[in-house]
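# Structural features, examined
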Amino acid sequence: MTLFKNVLKMFGGGLFISFAGNIFRSTDFSGPIEDGMGEFILFLLSAGAGMYLLYSGLRGYRKNKI
């Protein structure tokens, strides 16, 4: 069961990271600064959540594998 949970964490982390990439690509930096900052903050939150889930899943997988 823990292997499945760790794989789901890694999968969710990958989805968050790809979502962050889509946000970054669609951000219009030539527009008003408020819009750009809002999208940049959303990018940071989703990228941070993705990295945390990915690292947490890998750490749990490695700990249970040994």
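Our structure's up above, just so we're on the same page.
How each quantity is defined
Residues numbered from 1 in each chain as written. Predicted model: local features only at pLDDT ≥ 70, side-chain atom pairs only at ≥ 80, totals over all residues. Heavy atoms only, no water. Helix = DSSP H or I, 4+ residues; strand = E, 2+ residues; numbered from the N terminus. Rg over C-alpha atoms; globule rule 2.2 N^0.38 Å. Buried < 20%, exposed > 50% of the residue type's maximum accessible area, 1.4 Å probe, protein only. Contact = heavy atoms within 4.5 Å. Areas by Shrake-Rupley, 256 points an atom, 1.4 Å probe, with all protein chains shown as cover. Phe/Tyr/Trp six-rings, centres within 6.5 Å; stacked < 30°, edge-to-face > 60°. Polar contact = N/O pair within 3.5 Å; in protein donor to acceptor, adjacent residues only side chain to side chain. Patch = residues over 30% accessible without salt bridge, like charges linked within 9 Å, V, L, I, M, F, W, Y side chains within 5 Å. Salt bridge = Lys/Arg side-chain N within 4 Å of Asp/Glu carboxyl O. Lys, Arg positive; Asp, Glu negative; His and termini not counted. Charge placed at Lys NZ, Arg CZ, Asp CG, Glu CD.

### Here's the deal with the overall build of the chain
The number of helices and strands found in the chain is two helices and zero strands. Scaling as 2.2 N^0.38, a compact globule of 66 residues should have a C-alpha radius of gyration of about 11 Å, whereas the chain reaches 15 Å, well beyond that. Summarising its shape, the C-alpha atoms of the chain cover approximately 50 × 15 × 15 Å along the three principal directions. Residues classed as buried in the chain amount to 20% of the 66 residues present. Put simply, of all contacts in the chain between residues at least 6 apart along the chain, 75% involve residues at least 24 apart. Accessible surface computed for the chain: about 5100 Å², of which carbon and sulfur atoms make up 71%.

### Comments concerning the packing of aromatic side chains
In this structure the tally under the stated criterion is two aromatic pairs. Taking 5.3 Å as the distance between ring centres and 40 degrees as the angle between the ring planes, the aromatic pair formed by Phe-24 and Phe-43 counts as tilted. With Phe-24 in helix α1 (residues 2–26) and Phe-43 in helix α2 (residues 33–65), the pair connects residues that are 19 residues apart, well separated along the chain. Assessed through its relative accessible area of 42%, Phe-24 is described here as partly exposed. Three or more aromatic residues link up through ring pairs in this structure, and these residues are Phe-24, Phe-40 and Phe-43.

### Focus: the environment of Asp-28
With respect to the secondary-structure elements, Asp-28 resides in the loop between α1 and α2. According to the relative accessible area criterion, Asp-28 is partly exposed, its value standing at 46%. Residues Asp-28 and Leu-3, 25 residues apart in the sequence, show an inter-C-alpha distance of 40 Å.

### So, the environment of Ser-26
Position of Ser-26 among the secondary structure elements: in helix α1. Residue Ser-26 is classed as exposed on the basis of its relative accessible area of 54%. Here the side chain of Ser-26 touches Ile-23 through a polar contact of 3.2 Å, landing on its backbone oxygen.

### Some thoughts on a negative patch on the surface
A cluster of like negative charges, contributed by Asp-28, Glu-34, Asp-35 and Glu-39, occupies part of the molecular surface. In this fold, Glu-39 is placed in helix α2.

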